[in-house]
Amino acid sequence: MSPNVAESNGPPSDSRNPVVKFEHPNCQLCTSKNLPYLFSKIRHVETVPKDFEFYSLRLMKLIAEDALALMADKEVDIPTPCGTWRGVAADPENEAFAVSIVRAGDSMLQAVRELVPGIPVAKILIQRDETTKEKTPILYYKKWPKNVANKTALICDPMLATGGSVIMAIKSLLEIGIPEEKMIFVNVISCPEGLNRLGREYPNVKVVTGMVDPMLNSDRFIVPGLGDYGDRFFGTV
Ligand code: PRP
Ligand code: MG
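Now for a quick tour of the structure. Since the structure is predicted, the reported quantities are computational estimates derived from the model, not experimental observations.

Here is what the cut-offs are and how they apply
- Starting afresh in each chain, residues are numbered from 1 along the sequence in its written order.
- Labels follow written order: the first chain is A, the first ligand is 1, and so on.
- The predicted nature of this model means local features are confined to residues of pLDDT at least 70 and side-chain atom pairs, given and counted, to a pLDDT of 80 or more, with totals for whole chains, interfaces and linings taken over all residues.
- Only heavy atoms go into the side-chain values, all of them from the structure, while hydrogens and water stay out.
- To qualify as a helix, a DSSP run of H or I must reach at least 4 residues; to qualify as a strand, a run of E must reach at least 2; elements of each kind are numbered from the N terminus.
- Two things to know: the radius of gyration comes from C-alpha atoms, and the globule rule equals 2.2 Å times the number of residues to the power 0.38.
- Contacts are residue-level and defined by heavy atoms, with any inter-residue pair within 4.5 Å sufficient.
- For the area figures, the Shrake-Rupley method with a 1.4 Å probe applies, and any residue is considered shielded solely by the protein chains shown.
- Note that His is not counted, nor are the chain ends; the positive residues are Lys and Arg, and the negative ones are Asp and Glu.
- We put the charge of a Lys on NZ, of an Arg on CZ, of an Asp on CG and of a Glu on CD.
- Paired strands, as defined in this entry, are two strands with at least two bridges between them according to DSSP.
- Interaxial angle, 0 to 180 degrees, is taken between N-to-C directions of lines fitted to C-alpha atoms, where a helix line uses only the stretch in contact.
- One heavy atom within 4 Å of a molecule or strand makes the whole residue count as near it.
- N or O atoms within 3.5 Å of each other form a polar contact, as long as, within protein, one can give a hydrogen and the other can take it, and as long as residues adjacent in sequence are counted only when both atoms are side-chain atoms.
- Gly counts as polar in this scheme, as do all residues outside two lists: the nonpolar Ala, Val, Leu, Ile, Met, Phe, Trp, Tyr, Cys and Pro, and the charged Asp, Glu, Lys and Arg.
- Each residue gets one of three labels from its accessible area relative to the maximum for its type: buried under 20%, exposed over 50%, partly exposed in between, using a 1.4 Å probe on protein chains only.
- Taking the helix axis as origin, the arc is that swept by the directions to the C-beta atoms.
- We count a salt bridge whenever a side-chain nitrogen from Lys or Arg sits within 4 Å of a carboxyl oxygen from Asp or Glu.
- Here, nonpolar core means buried Ala, Val, Leu, Ile, Met, Phe, Trp, Tyr and Cys residues that are tied together by side-chain atoms lying within 4.5 Å of each other.

As for the overall build of the protein
Alright, step 1. What the protein contains, in helices and strands, is six helices and 13 strands.
Alright, step 2. For 237 residues, the compact-globule estimate of 2.2 N^0.38 gives 18 Å, and the protein sits close to it at 18 Å.
Alright, step 3. Principal-axis analysis of the C-alpha atoms gives the protein an extent of 55 × 40 × 40 Å.
Alright, step 4. Of all intrachain contacts in the protein linking residues separated by at least 6 positions in sequence, the fraction that spans at least 24 positions is 65%.
Alright, step 5. Taken as a whole, the protein presents about 11900 Å² of accessible surface, with 54% of it coming from carbon and sulfur.
Alright, step 6. Across the protein, 27 positive and 29 negative side-chain charges occur, with their mean positions spaced 2 Å apart.

Side note on the sheet that holds strand 11 (residues 206-212)
Alright, step 1. Taking strand neighbours across the sheet as the criterion, the seven strands line up as 3-11-10-9-6-7-8 in an open arrangement whose pairing is mixed. Each edge of the sheet is formed by a strand with only one pairing partner; in this case those strands are strand 3 (27-29) and strand 8 (138-143). Across the sheet, the axes of successive neighbouring strands diverge by a mean angle of 20 degrees, strand direction being ignored.
Alright, step 2. Relative to strand 11, strand 3 runs parallel, the two sharing three bridges. Note on strand 11: the bridge partner recorded for Cys-27 is Val-207.
Alright, step 3. Relative to strand 11, helix 1 (residues 35-43) is tilted by about 70 degrees, and along the sheet it contacts strand 10 (183-190) and strand 11.
Alright, step 4. Sheet strands touched by helix 5 (residues 192-201): strand 3, strand 10 and strand 11. Its angle to strand 11, the strand with the most contacts, is close to 165 degrees.

Brief notes about the site of ligand 1
Alright, step 1. The environment of ligand 1 is made up of 15 residues, and the closest members are Arg-128, Asp-157, Thr-162, Gly-163 and Ser-165.
Alright, step 2. Between an oxygen atom of ligand 1 and a main-chain N or O atom of Ala-104, the distance comes to 2.9 Å.
Alright, step 3. Between ligand 1 and the protein, one listed contact pairs an oxygen atom with a side-chain N or O atom of Asp-228 at 3.5 Å.
Alright, step 4. Across the complex, the protein chains shield 94% of the 490 Å² of accessible surface that ligand 1 would expose by itself.
Alright, step 5. Among the residues making up the shell around ligand 1, the classes are represented as four nonpolar, six polar and five charged.

Structural notes on helix 1
Alright, step 1. Within the span of helix 1, buried status applies to Leu-35, Leu-38, Phe-39 and Ile-42. Buried positions in helix 1, seen along its axis, are confined to an arc of 100 degrees and lie on one side of it.
Alright, step 2. Looking at the buried residues of helix 1, the elements they touch are helix 2 (49-69), strand 10, strand 11 and helix 6 (229-234).

A few points about the pattern of salt bridges
Alright, step 1. Enumeration over the complete set of coordinates arrives at twelve salt bridges.
Alright, step 2. The residue Asp-213 makes a salt bridge to Arg-43 at a minimum N-O spacing of 2.8 Å. Of the two residues, Asp-213 sits in the loop between strand 11 and strand 12 (215-216) while Arg-43 sits in helix 1, which places them 170 residues apart along the sequence.
Alright, step 3. Judged by relative accessible area, which is 3%, Asp-213 ranks as buried.
Alright, step 4. Across the pair Lys-123 and Asp-106 runs a salt bridge, and its minimum N-O distance is 3.0 Å. Taken as a pair, Lys-123 in strand 7 (residues 121-127) and Asp-106 in helix 3 (residues 105-115) lie far apart in primary sequence, 17 residues in all.
Alright, step 5. With a relative accessible area of 28%, Lys-123 lands in the partly exposed category.

Looking at the nonpolar core
Alright, step 1. Grouped together as the largest cluster of nonpolar side chains are 38 residues, with contacts concentrated most on Ile-42, Met-108, Leu-154, Val-188 and Tyr-229.
Alright, step 2. Counting residues per element, the ones that place at least two in this core are helix 1, helix 2, strand 6 (96-102), helix 3, strand 9 (152-156), strand 10, strand 11 and helix 6.
Alright, step 3. Ranked by the residues each element gives to this core, the list is headed by helix 2, at nine residues.
Alright, step 4. What Ile-42 contacts, discounting residues up to four positions off in sequence, is Phe-52, Tyr-55, Ser-56, Leu-59, Val-188, Leu-226, Tyr-229 and Arg-232.
Alright, step 5. Core analysis: the next-biggest nonpolar cluster, separate from the first, contains 29 residues, Phe-22, Ala-122, Leu-160 and Met-183 among them.

Concerning helix 5
Alright, step 1. Within the sequence span of helix 5, burial applies to Pro-192, Gly-194, Leu-195, Leu-198 and Gly-199. Viewed end-on, helix 5 has its buried residues packed into an arc of 165 degrees, placing them on one side of the element.
Alright, step 2. Among the structural elements, strand 2 (20-22), strand 3, helix 4 (164-175), strand 10 and strand 11 are those in contact with the buried residues of helix 5.

What follows is the structure in structure tokens.
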């Protein structure tokens, strides 16, 4: 497994934006040039929920586009009005369904549904217990769309901290027969602890993330991060 070194894809690296290293063989950072601006909006402690929702939806659509690009990998000739252009298309055999890790995952789900109208949606309610140091989250509910066995799962959750929540979702997908290779985790902010764990335990699950922050604090919040994504997006601060 070759280590993947994340360079800060925000403003230039300095002591506040250090280069962050992690090990994951299948992780890519979103390539949009507008990440620094959009992350500046949503990270700011004074950004109110209405603006958080607006800017984070713009950001999540860019990240989700990069995830969708992983599926459009079939080279095809595109007839133009004036000639032929070598383009790409998604394999019609490789359709996607979205898996929202409720609750914060519903925000990324919103972005994905705007890009892929009509995409089948699975919901899986997984919650961390913020009152204890218990690392294993609790799975309360799951509901799958019909006929997803051959589809690619776009797992939606904007935050990757310890990795406990997404790993629980991955296990549930494996139980219904979706192989690791057909899972793409679509994420906004991650950290080395969660990425390293995912890379060790499920190296074939692809990860598309916006940024990799340096660390978790003792409450398992990403630092510098942006606080609780679900609370800020849904206005339950
Ligand atoms: C947050 C976040 C992720 C999870 C990440 O959810 O939305 O689902 O924590 O942490 P982990 O990688 O350590 O599992 P939370 O349980 O706080 O609930 P929420 O989605 O309702 O905000
Ligand atoms: Mg969550």
